[in-house]
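Letter by letter, the chains look like this.
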Amino acid sequence: MKIISLLQQVNIPEKIKAAPDNGYQTGIIIGSFLPFVVLIGIAYWMYYRAKNRQDYD
């Protein structure tokens, strides 16, 4: 697991400084926040499903 976590560490400010144009910078920002947005969406979906669950006991 340590190897994977080392490979996933990204220096975002360094990538933005070395970006060739604004489109690349936008892609870096979106790509860095997208996993968090997906996780928040999954967590909300799980919360919604658990809240509206009907027990048939």
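Residues numbered from 1 in each chain as written. Predicted model: local features only at pLDDT ≥ 70, side-chain atom pairs only at ≥ 80, totals over all residues. Heavy atoms only, no water.

Peer 1: I'd like a description of the overall build of the chain, backed by residues and values.
Peer 2: In terms of helices and strands, the chain carries three helices and zero strands. Across the chain, helices and strands are ordered from the amino to the carboxyl terminus as α-α-α. Relative to its 57 residues, the chain shows a buried fraction of 5%. Summed over all atoms, the accessible surface of the chain reaches about 5700 Å², with 65% contributed by carbon and sulfur. (Helix = DSSP H or I, 4+ residues; strand = E, 2+ residues; numbered from the N terminus. Buried < 20%, exposed > 50% of the residue type's maximum accessible area, 1.4 Å probe, protein only. Areas by Shrake-Rupley, 256 points an atom, 1.4 Å probe, with all protein chains shown as cover.)

Peer 1: I'd like a rundown of the packing of aromatic side chains, residues and numbers included.
Peer 2: Scanning all chains against the criterion turns up one aromatic pair. Ring geometry for Tyr44 and Tyr48: centres 6.4 Å apart, planes at 25 degrees, overall stacked. Highlighted residues: Tyr44 and Tyr48, both in helix α3 (residues 22-51), separated by four residues, approximately one helical turn. With a relative accessible area of 46%, Tyr48 lands in the partly exposed category. (Phe/Tyr/Trp six-rings, centres within 6.5 Å; stacked < 30°, edge-to-face > 60°.)

Peer 1: I'd like to hear about the confidence of the model for the chain, residue by residue, with values.
Peer 2: Do not read the fine detail of predicted coordinates wherever pLDDT is low. This prediction gives the chain a mean pLDDT of 78; 75% of its residues lie at or above 70. When mean pLDDT is taken per element in the chain, α3 scores highest with 88 and helix α1 (residues 2-8) scores lowest with 58. (pLDDT = per-residue confidence, 0-100.)

Peer 1: Tell me about a nonpolar patch on the surface, residues and numbers included.
Peer 2: A contiguous nonpolar patch, built from Ile29, Ile30, Phe33, Leu34, Phe36, Val37, Val38, Leu39, Ile42, Trp45 and Met46 and spanning about 1100 Å² of accessible area, is present on the exposed surface. Relative to the assigned elements, Ile42 resides in helix α3. (Patch = residues over 30% accessible without salt bridge, like charges linked within 9 Å, V, L, I, M, F, W, Y side chains within 5 Å. Salt bridge = Lys/Arg side-chain N within 4 Å of Asp/Glu carboxyl O.)

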